[in-house]
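Observations on the three-dimensional arrangement
In case you want the letters, here they are:
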Amino acid sequence: HLFLSDCGWAAFFCLSMCIFHSELFDFKVIRVYHDFFLNSSLFYYGVISIGTPPQSFYVLFDTGSSVFWLASTYCSSEACTNHPLFNPSKSSTYYSRDRTFYQGYGTGSLTGVFGFDTLHIEGLTIPNQGVGLSITEPGNTFVHANFEGILGLAYPSMADGQIPVMDTMMQDNLLPANVFAFYISKNFEDGSEVTFGGVDQSRYTGQIYWAPVTEQLYWQIAINGFQINKQETGWCRDGCQAIVDTGTSLLTCPQQYLGYLQQYIGAQANQYGEYMINCNNLNNMPTLSFTINGVNFPLPPSAYTMHNENGQYYCTSGIMGTYLPSRNGQPLWILGDVFLREYYTVYDRQSNQVGFALAA
C-alpha cells in the first residue's frame, strides 16, 4: 500500500458527514467533508463509529489499501498513547476469532487481531463488519497522525482475509449502487468529501470518462501516454499502469523517469533530497498530461507544485519516485492527491472501472 509519501507527514483534512440526494443518479449518498490543514502534504479523514454503544474515531479513507483497522486498547506503542482507542470490552456486539494480521504501508506498519462489530458511517449501519484492532504500531508514523485508523477501499484480494467495508455494504445491499466517489478540494475552506452509493453532481463539471480496472487489487488502470507541454514522451509507448490512490499525497513517477521529469519542470534536488522549485517560475513551467483510455488529463504547474511554509516560504515538486513495480512489468505511476485535486474520481465496483471528471 502507498498511503504515506516519503516526504513525511504534513497536512490532513478532517472530514465531517451529512446525507444528501444526488440528482445525477437519484441515489442517497453520504457526504464526508470539512477541512483541517496541518502543513504541505494532504490526507483525508472523517468520523466513523463502531460498537454498542458506539465509540467514535477518525479514519483515513484510503483507496490504496483494503484493511479496516483502529488503534485499540490492546496496543501499548507510543502511537496508542496519544490517540483515542477502541475498547472492545465496552461493546456488547464485538466478537473475535483471534486471528492476527500484519499490515504494511509505504511508510509505517502495524500488527493486530481481527474482530467483528457494528460499524456506523453516518446514516449507514453495517453489522458484523470485520475490523482490525492494533496490537503494535511501531515507529513514529502513526504517532503524528490525526486519525486513529484506516478504512481501506481497495479490492478484497489485499484484505488479508478480512471482508472490506465496501464489500460488506455490497453484500448487505446497503447502497443504491456499488460505487463511491471522492472530491478532494483545492481550497482548504471549501471542504472535501467521499460519497457512498452515488456521485455528487455539484462537485464536477462536464462528463465522467471511464477507464477499466486492469487488475482487481489496487484501483489500477492503464496509462496510454504521457505528454510534457503536449509533446509525447514515449515513456508509455509500450504501456504504463497507474494506481489511483487517495492515500498517497503526491504524484509518483516511475523511478527510471523521475530525474528527467524533475529536470523538465525545473526542479533541483537539495541536500535533503527535496526537489525545489522557484515559486516565481510557475508561468514558465510545463503542463503535464496523461492519456487514459484515449482521453487526455492535463496537470498544470499549479497542481504539481507544493507551497510550503516552515519558517520561510518555498516551493517543492509534488512528484516523487514510485518505489514498487507493476506486476505486469510496465512502468507504474501513482495518481495521488496531486492528481485527484484536479479530477473528481468515481470508483465503480459494479463494472470495475474508475471514472474521472474535471473537479468543480
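Definitions and cut-offs
- Residues numbered from 1 in each chain as written.
- Predicted model: local features only at pLDDT ≥ 70, side-chain atom pairs only at ≥ 80, totals over all residues.
- Heavy atoms only, no water.
- UniProt positions renumbered as here; feature names shortened; annotations may be inferred.
- Phe/Tyr/Trp six-rings, centres within 6.5 Å; stacked < 30°, edge-to-face > 60°.
- Helix = DSSP H or I, 4+ residues; strand = E, 2+ residues; numbered from the N terminus.
- Buried < 20%, exposed > 50% of the residue type's maximum accessible area, 1.4 Å probe, protein only.
- Pairing = 2+ DSSP bridges.
- Disulfide = S-S within 2.5 Å.
- Core = buried A, V, L, I, M, F, W, Y, C linked by side-chain atoms within 4.5 Å.
- Salt bridge = Lys/Arg side-chain N within 4 Å of Asp/Glu carboxyl O.

- As annotated in an unreviewed UniProt entry, the protein carries the name Gastricsin-like and is attributed to Erpetoichthys calabaricus.
- What UniProt states about the protein under its Sequence similarities (unreviewed entry) heading is, verbatim, "Belongs to the peptidase A1 family."

**Remarks on the packing of aromatic side chains**
- Under the definition given, this model contains 29 aromatic pairs.
- Measuring from ring centre to ring centre gives 5.9 Å for F180 and W219, while their planes differ by 85°; the resulting arrangement is edge-to-face. Of this pair, F180 sits in strand β10 (residues 179-183) while W219 sits in strand β14 (residues 219-223), and the two are 39 residues apart along the sequence. For the pair F180 and W219, a shared accessibility class is recorded, and that class is buried.

**Concerning the sheet that holds strand β15 (residues 225-228)**
- A sheet is described by the order of its strands in space; here 4 strands give the open sequence β16-β15-β21-β22, paired in antiparallel fashion. Of all strands in the sheet, those bounded by a partner on one side alone are β16 (231-232) and β22 (295-299).
- Two strands pair when backbone bridges link them, and strand β21 (residues 288-292) and β22 are joined in this way by 5 bridges, in the antiparallel orientation. Looking across to β22, one finds that I292 is bridged to V295.

**Comments concerning the state of the cysteines**
- In total, this model carries 3 disulfides according to the counting rule given.
- For C279, the disulfide goes to C315, at an S-S distance of 2.1 Å. As the torsion about the S-S bond is roughly 120°, the C279-C315 disulfide counts as right-handed. Of the two residues, C279 is situated in the loop between β20 (275-277) and β21 and C315 in strand β24 (residues 313-317); the sequence distance between them amounts to 36 residues.
- A relative accessible area of 1% places C315 in the buried class.
- Along the protein, the cysteines engaged in disulfide bonds are linked according to the scheme 1-2, 3-4, 5-6 when indexed in sequence order.

**Points about the side chain of Q262**
- As for its placement among the helices and strands, Q262 is situated in helix α2 (residues 255-265).
- Residue classification places Q262 among the buried residues on the basis of a relative accessible area of 0%.

**So, the nonpolar core**
- Ranked by size, the top nonpolar core spans 78 residues in total, and within it F68, L261, F290, I292, W333 and F339 carry the most contacts.
- In terms of nonpolar packing, the next biggest core, distinct from the first, is built from 14 residues, V67, F101, L110 and A145 among them.

**Describing the pattern of salt bridges**
- Scanning the entire structure with this criterion turns up 5 salt bridges.
- We note a salt bridge from R203 to E193, for which the minimum N-O separation is 3.2 Å. Placement of R203 in the loop between β11 (193-196) and β12 (204-212) and of E193 in strand β11 is noted, with a sequence separation of 10 residues between them.
- R203 is paired through a salt bridge with D200; the nearest N and O atoms lie 3.9 Å apart.
- The network of salt bridges with shared partners includes E193, D200 and R203.

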